[in-house]
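Listed here are the chains, written in short residue letters.
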Amino acid sequence: MSRLRSAFVVLGLLLGSNAVAFQQDELDEDIFDEDDEEDDDIERIDEDDTLEGVEPEGDEDWIDDLGVDGEGPVDPEELDIDDEFDEDTDVQVSGPGQDNARTYREQLEKVEDMSPDEESLAWERYLKKYYNTVFRSRVEARIDELSKELYEGRIENETTRFVDAGKSELKFAQPMHLESIDPRSRLRAGFELGFPNYFNILLGGEYQIRREWSGTLGVRYRYTGWNVEAGTRYALIKSSRTRTLLTAIGDVHLNMNPMHLGLRPQLGFGQRFGDSEGLYVDAQLQAGSDLLLLTRDDGDTVMSPRIIGGLNVTVVPNKTVRAYFETSTYMKGMFDDTVPSFFRFNLVTFGIKFVQRKTATKDRSEVGIGASAPYSSYYWGYHYGAVMADYNFFVDG
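In what follows, the accompanying structure is described.

Some words on the nonpolar core
- Within the largest apolar cluster, 12 residues are counted, these being Ala101, Tyr104, Val111, Ala122, Trp123, Tyr126, Leu127, Tyr130, Phe135, Val139, Ile143 and Leu146.
- Per element, the largest residue contribution to this core is four residues, and it comes from helix α4 (residues 116–129).
- Setting aside its immediate chain neighbours within four residues, Tyr130 contacts Gly97, Gln98, Asp99, Thr103 and Arg136.

Quick look at the structure:
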């Protein structure tokens, strides 16, 4: 009996130990299974780095990697316009119809000196080109302000004359032998050296009294000798919209040796072809007379009229370089039947000019060089060919 009891005790101990071992195995399996599931989750998160709503940390590093407009790394400080534009300086990768802070700043500089109607048109073109601009709210607000100015009559009262409403400066091409037909404040110095012994010096200035009106004063050597000159320019038409000039020129000059007075009334017409921001051509035509009041040997004063004028075509491929072609006319006795042929000395001139800019929209100075030669002359022959240069400093920009 005792042996049977001992056998049952041994059997119970064996069964108990197996149960404990079985439970321990299940516990270990549960722990390992949970670890495997956590590892799987970690791997899934590491592999899927494009989850929606997950943004990379460190905005500046992200901007540096992307760049702006595909131009590579960008210094975030360059993206600031100023404090009032802080809400609009979020950087976006350039796409169709998008702009950036730099493009917007350049546009602000371009429209700085424009009249309200021209500025409004410029902003409308900007929205058409950059239809996904981040500055749309500001541009539309500015267009609304300009519209109010136009329709509420707050433009300066200059539309009563035969002049378009556009009041920005044309900055029309400056000729060499001909007169300037675009009233601007400037200083000019130049010389002309002709073969065999012709020498001309020019010193003068022009002051813009109003946008379309200016006065001139200077000294120069003309075919008749040294002259002290004064005059005025009045633009009957000076339209930035149609890019047209029609200018009346009234000059008076005093010839020093022999001393006599002369009047030089002229009319000049100019037209710009092409886009002022790209390639364009300035063409101008001038015609008038130099009325010399000469004293004869008997003491009588007679008028000796000479026909003057010419044509200038200036090609502007960019904002720095200009190429020009010009003709100038100086003739006498064209309609006098008492002489066999009229006196004349007509020149053709060509050359280039270089413009130095103060800002993106304002000129500082212009240097021109060229050569000229007579293409038609009779009796008058002041030279057989000449080289010349001039310098214009623009006071108004």
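Here's the deal with the packing of helix α3 (residues 101–110) against α4
- Orientation of α3 relative to α4, taken along the N-to-C sense of each, is 160 degrees, at an axis distance of 11 Å. The orientation of α3 relative to α4 falls into the category roughly antiparallel. Both α3 and α4 take part in a crossing whose hand is right-handed. Packed against α3, whose contacting residues are Thr103, Tyr104, Gln107 and Leu108, the element α4 presents Ala122, Trp123 and Tyr126 at the interface.
- Here the residues of the contact of α3 with α4 are counted per class, giving five nonpolar, two polar and no charged.

Thoughts on the pattern of salt bridges
- For the structure on display, the rule yields 22 salt bridges.
- One salt bridge connects Arg233 with Asp251, and the closest N-O pair in it is separated by 2.8 Å. Of this pair, Arg233 sits in strand β4 (residues 225–239) while Asp251 sits in strand β5 (residues 244–256), placing them 18 residues apart in sequence.
- Exposure remark for Asp251: the relative accessible area of 9% places this residue in the buried category.
- Note that Arg296 and Asp300 form a salt bridge whose closest N and O atoms lie 3.3 Å from each other.
- By relative accessible area, Asp300 is classed as partly exposed at 39%.
- In this structure, a network of salt bridges that share partners links the residues Glu179, Arg222, Glu229, Arg233, Asp251, Arg264 and Asp290.

Here's the deal with the side chain of Ser304
- Structurally, the position occupied by Ser304 is in strand β8 (residues 301–316).
- A residue is classified by how much of its surface remains accessible, and Ser304, at 6% relative accessible area, is buried.
- One polar contact links Ser304 to Arg306, side chain to side chain, over a distance of 3.1 Å.
- Excluding residues that lie within four positions of it along the chain, Ser304 makes contacts with Asp290, Leu291, Leu292, Leu294 and Lys332.

Quick notes on the packing of aromatic side chains
- Applying the stated criterion across every chain yields a total of 17 aromatic pairs.
- Ring geometry for Phe343 and Tyr378: centres 6.4 Å apart, planes at 65 degrees, overall edge-to-face. Taken together, the positions of Phe343 in strand β10 (residues 343–357) and Tyr378 in strand β11 (residues 363–378) put the pair 35 residues apart, joining distant regions of the chain.
- Taking the relative accessible area as the measure of exposure, Tyr378 reaches 34% and is therefore partly exposed.
- Taken together, Tyr198, Tyr221, Tyr223, Trp226, Tyr330, Phe343, Phe345, Tyr378, Tyr379, Trp380 and Tyr382 form an aromatic cluster joined through their ring pairs.
- Over the aromatic face of Phe394 sits the side chain of Arg184, whose NZ or CZ is 4.1 Å from the ring centroid.
- The ring of Tyr324 is capped by Lys353, whose NZ or CZ atom sits 5.7 Å from the centre of that ring.

Comments concerning the environment of Lys332
- Here Lys332 lies in strand β9 (residues 321–332).
- Lys332 sits 25 residues away from Ile307 along the chain, and the two C-alpha atoms are 6.3 Å apart.

A look at the sheet that holds strand β6 (residues 259–274)
- The strand order β1-β2-β3-β4-β5-β6-β7-β8-β9-β10-β11-β12 describes a closed barrel built from 12 strands, whose pairing is antiparallel. Mean inter-strand twist for the sheet, computed between neighbouring axes without regard to direction, equals 20 degrees.
- Sheet analysis places β8 next to β9, joined by 10 bridges and oriented antiparallel. Across the sheet, the residue bridging to Val313 is Phe325, located in β9.

A closer look at a negative patch on the surface
- There is a patch of like negative charges on the surface, built from Glu106, Glu109, Glu112 and Asp113.
- Relative to the helices and strands, Glu112 resides in the loop between α3 and α4.

Criteria and thresholds
- Residues numbered from 1 in each chain as written.
- Predicted model: local features only at pLDDT ≥ 70, side-chain atom pairs only at ≥ 80, totals over all residues.
- Heavy atoms only, no water.
- Core = buried A, V, L, I, M, F, W, Y, C linked by side-chain atoms within 4.5 Å.
- Buried < 20%, exposed > 50% of the residue type's maximum accessible area, 1.4 Å probe, protein only.
- Helix = DSSP H or I, 4+ residues; strand = E, 2+ residues; numbered from the N terminus.
- Contact = heavy atoms within 4.5 Å.
- Axes fitted to C-alpha atoms, helices over the stretch in contact; angles between N-to-C directions.
- Parallel < 35°, antiparallel > 145°, perpendicular 65-115°, else oblique.
- Left-handed = near helix turned anticlockwise from the far one by under 90°.
- Nonpolar A, V, L, I, M, F, W, Y, C, P; charged D, E, K, R; others polar.
- Salt bridge = Lys/Arg side-chain N within 4 Å of Asp/Glu carboxyl O.
- Polar contact = N/O pair within 3.5 Å; in protein donor to acceptor, adjacent residues only side chain to side chain.
- Phe/Tyr/Trp six-rings, centres within 6.5 Å; stacked < 30°, edge-to-face > 60°.
- Lys NZ or Arg CZ within 6 Å of the ring centre and 35° of its normal.
- Pairing = 2+ DSSP bridges.
- Patch = residues over 30% accessible without salt bridge, like charges linked within 9 Å, V, L, I, M, F, W, Y side chains within 5 Å.
- Areas by Shrake-Rupley, 256 points an atom, 1.4 Å probe, with all protein chains shown as cover.
- Lys, Arg positive; Asp, Glu negative; His and termini not counted.
- Charge placed at Lys NZ, Arg CZ, Asp CG, Glu CD.

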